[in-house]
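Coordinates in review
Now for the letters of each chain:
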Amino acid sequence: MKALMPRIEISLSQIRDNARILSKLYEQKGISLMGVSKAVLGNPLIAQAMIQGGVKFIADSRIENIQRMKTAGIKTRFVLLRTPLSQAESIVKNADISLNTEIETIKALAHYAHLHNRIHEIILMAELGDLREGILPHNFSEFIKKVLSFSPIKIIGIGCNLACYGGIKPDSDNMGQLSTLAKAITKEFQIDLEIISGGNSANYQWYQSTKTLDHINNLRLGESILLGRETLYRMAIPELHTQAFQLVTEVIESKDKPSLPYGKICQNAFGDFPIFDDRGIHRRIIIALGRQDILVSGLTPLTDLKILGASSDHLILDSNNNNLKVGSEVNFNLDYGGLLAAMTSPFIHKQFSYI
Ligand SMILES: *Cc1c(COP(=O)(O)O)cnc(C)c1O
């Protein structure tokens with residue numbers, strides 16, 4: 001039988017290694033890890049590999065992904081990273097912990113937690129400058145007073161998320177603010193905060209260089225476990241695997257053609273008026289993969305090929321005179337955006353290996 005293409009080859013042992021090395025690194029100074037599974041749609045085998053590597057929680061932004069992992073029998077504490085009001089009932093039933101910033105939502109969680117006779121745990125997110133989600137620090141005290149009136153809700157921690165929207169880097173200032181906030185909350189409300197979650201894969205340099213972690217005791221890591229990189233500069237983290245995912249695709253046309261389209265130029269399928277360089281006759285290949293499957297900018301060919309462009313279903317490359325035949329395999333490395341798209345495309349087969 002011919003191997004299926006396009007396919008994404010996923011090395012579970014490399015993901016497990018990455019989780020293990022990162023767990024060791026961060027646990028040295030008392031930081032526990034949440035393995036973030038949203039980029040891989042909550043794939044249960046990948047979540048299991050993260051757990052085998054030592055992460056203490058699995059966190060995802062979508063309740064459907066958490067449901068998928070639970071149905072597959074994954075046993076861990078599940079954390080929902082993004083909490084829509086309309087899904088409150090499903091969240092209470094499926095997630096152990098959710099991240100929250102809105103009283104309305106927490107009220108709905110409390111309602112369903114009461115209805116289903118459960119305690120739902122929450123982590124309150126603080127806005128520390130990145131301007132994605134977060135309660136402003138000076139509003140925390142008042143916010144917590146309201147939350148304490150909902151008896152089925154238990155505040156187990158606080159957290160923040162940086163370097164996502166505003167590109168703000170985690171440093172001693174904002175990490176210090178989070179610790180100060182934790183101290184103030186503990187003092188004012190006598191709440192035992194189990195989790196002070198300082199951020200994500202962008203916290204690596206801060207962790208390596210900081211003299212004190214103060215009260216920070218948790219991070220939520222997706223990209224560094226999956227792709228072996230920190231995310232401020234996208235540098236590889238020592239000892240980690242950076243190619244646990246590889247995309248394998250199929251050549252469907254290979255011909256010498258001019259590099260300049262001929263005929264009258266109008267807009268292309270995506271509404272652009274493309275401009276081309278005339279580089280003479282080149283061997284071009286077409287791959288059966290397109291914008292419907294992948295973020296083209298997220299692909300790096302592993303051989304000496306140059307991506308020229310893509311339509312919905314066709315990826316066009318200059319073969320740099322590599323002799324690739326119809327049916328040949330072409331491999332690509334993926335960045336986070338490429339991984340996200342490839343894992344989401346129903347047309348890309350997922351192939352797992354244990355080596
Ligand atoms: C996606 C996400 C993460 C993980 O980010 P990485 O850069 O992949 O480590 C952590 N926290 C929250 C709230 C997220 O949404």
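Residues numbered from 1 in each chain as written. Predicted model: local features only at pLDDT ≥ 70, side-chain atom pairs only at ≥ 80, totals over all residues. Heavy atoms only, no water.

**Re the domain arrangement of the chain**
We apply this condition: Here the bounds of each domain stem from an automatic or database domain assignment. Pairs of residues are marked as contacts when any of their non-hydrogen atoms sit within 4.5 Å. As used here, buried area is the combined drop in accessible area, with a 1.4 Å probe, of two parts when they are placed together. One speaks of a salt bridge when a side-chain nitrogen belonging to Lys or Arg is within 4 Å of a carboxyl oxygen belonging to Asp or Glu. The definition of a polar contact used here is a pair of N or O atoms within 3.5 Å, where within protein one atom must be able to donate a hydrogen and the other to accept one, and adjacent residues in sequence count solely through side-chain atom pairs. Elements are defined by DSSP. Helices are runs of H or I of four residues or more, strands are runs of E of two residues or more, and each kind is numbered from the N terminus. Three classes are used, and their members are as follows: Ala, Val, Leu, Ile, Met, Phe, Trp, Tyr, Cys and Pro are nonpolar, Asp, Glu, Lys and Arg are charged, and the others, Gly among them, are polar.
Under the domain assignment used here, the chain contains domain 1 (31–227) and domain 2 (245–353). Taking the mean C-alpha position of each, domain 1 and domain 2 sit 38 Å from one another. The interface of domain 1 with domain 2 comprises 10 residues on the first partner and nine residues on the second. Of all residues in domain 1, A39, L41 and L227 bury the most surface against domain 2, accounting for 47% of the area lost on that side. At the boundary of domain 1 and domain 2, one finds zero salt bridges. Scanning the region where domain 1 abuts domain 2 turns up zero residue pairs in polar contact (both at pLDDT 80 or more). Elements that contribute at least two residues to the side of domain 1 that touches domain 2 include exactly α2 (44–53) and α9 (223–227). Per element, the largest residue contribution to the side of domain 1 that touches domain 2 is three residues, and it comes from α9. The residue inventory of the side of domain 1 that touches domain 2, partitioned by class, reads seven nonpolar, one polar and two charged.

**Brief notes about the environment of T180**
Applicable threshold: For every residue, the accessible area obtained with a 1.4 Å probe (protein chains only) is divided by the maximum for its type, and the residue is called buried under 20%, exposed over 50%, and partly exposed between those limits.
Among the secondary structure elements, T180 is positioned in helix α7 (residues 172–189). Note on T180: relative accessible area 47%, which makes it partly exposed. Through-space distance from the C-alpha of T180 to that of S13 is 39 Å; in sequence the pair is 167 residues apart. Here G176 takes part through its backbone oxygen, which lies 2.8 Å from a polar atom of the side chain of T180.

**Topic: the site of the ligand**
What counts here: For this description, a residue counts as near a given molecule or strand if any of its non-hydrogen atoms is within 4 Å of it. A 1.4 Å probe and the Shrake-Rupley method give the accessible areas. Residues count as covered only by the protein chains that appear here.
Every one of the 13 residues lining the ligand counts as a neighbour, but K38, S201, R220, G222 and E223 are closest to it. Here N161 contributes a side-chain N or O atom positioned 3.4 Å from a nitrogen atom of the ligand. E223 places a polar main-chain atom, nitrogen or oxygen, 2.8 Å from an oxygen atom of the ligand. Protein burial of the ligand: of its 390 Å² of free accessible surface, 93% is covered by the chains. Class assignment for the residues of the shell around the ligand results in four nonpolar, four polar and five charged.

**Here's the deal with the state of the cysteines**
Using the following cut-off: By definition, disulfides here are pairs of cysteine sulfur atoms that lie within 2.5 Å.
One pass over the full model with this rule turns up zero disulfides. The thiol of C160 is unpaired, and the distance to the nearest cysteine sulfur, on C164, comes to 11 Å. Taking relative accessible area as the criterion, C160 reaches 0% and is therefore assigned buried. Of the residues examined, C164 reaches a relative accessible area of 42% and is grouped as partly exposed.

**Details of the pairing of strand β7 (residues 153–160)**
Let me state the cut-off plainly: Pairing between strands is defined by DSSP: at least two bridges between them are needed. Viewed with both strands pointing away, a crossover whose connecting path from the first strand over the helix to the second turns clockwise is right-handed.
Counting buried residues along β7, seven of its eight residues qualify, which places the element largely inside the surrounding structure. For strand β6 (residues 120–126) and β7, the ladder comprises seven bridges, and the chain directions are parallel. Residue pairing for β7: E121 is matched across the bridge by K154. The sheet contact formed by β7 and strand β8 (residues 195–197) spans three bridges and is parallel. Bridging from a neighbouring strand, I158 pairs with I196 of β8. You can see the chain leave β7, run along α7 and come back into β8, and the turn it takes is right-handed.

**What about the pattern of salt bridges?**
All chains considered together, the criterion is met by 14 salt bridges. The residue R279 makes a salt bridge to D318 at a minimum N-O spacing of 3.1 Å. Here the residue R279 occupies a position in the loop between β10 (245–258) and β11 (281–288), and D318 occupies one in strand β14 (residues 314–318), the gap between them amounting to 39 residues. Judged by relative accessible area, D318 falls into the buried class, the value being 2%.

**Structural notes on the environment of N200**
Position of N200 relative to the elements: it lies in the loop between β8 and α8 (204–209). A relative accessible area of 12% means that N200 is categorised as buried. The sequence separation of N200 and E223 amounts to 23 residues, and the corresponding C-alpha distance is 8.6 Å. Once residues lying within four places of it in the same chain are set aside, the contact partners of N200 are N161, L162, C164, L219, R220, L221 and T231.

**Regarding the packing of helix α6 (residues 140–147) against α7**
Here is the rule we go by: Here an angle of 0 to 180 degrees is reported between the N-to-C directions of two axes, which are lines fitted to C-alpha atoms, with helices fitted over the stretch in contact. Put simply, angles under 35 degrees are roughly parallel, angles over 145 are roughly antiparallel, angles from 65 to 115 are roughly perpendicular, and the rest are oblique. Less than a right angle of anticlockwise turn of the near helix away from the far helix marks a crossing as left-handed, whereas a clockwise turn marks it as right-handed.
Contact pair α6 / α7: the axes reach a minimum separation of 11 Å and the direction vectors enclose 45°. As summarised for this structure, α6 and α7 are arranged oblique, according to the angle between their axes. By crossing handedness, the relation of α6 to α7 is classed as right-handed. Contact residues: F140, S141, I144 and K145 in α6; L181, I185, E188 and F189 in α7. Within the contact of α6 with α7, the residues separate by chemical class into five nonpolar, one polar and two charged.

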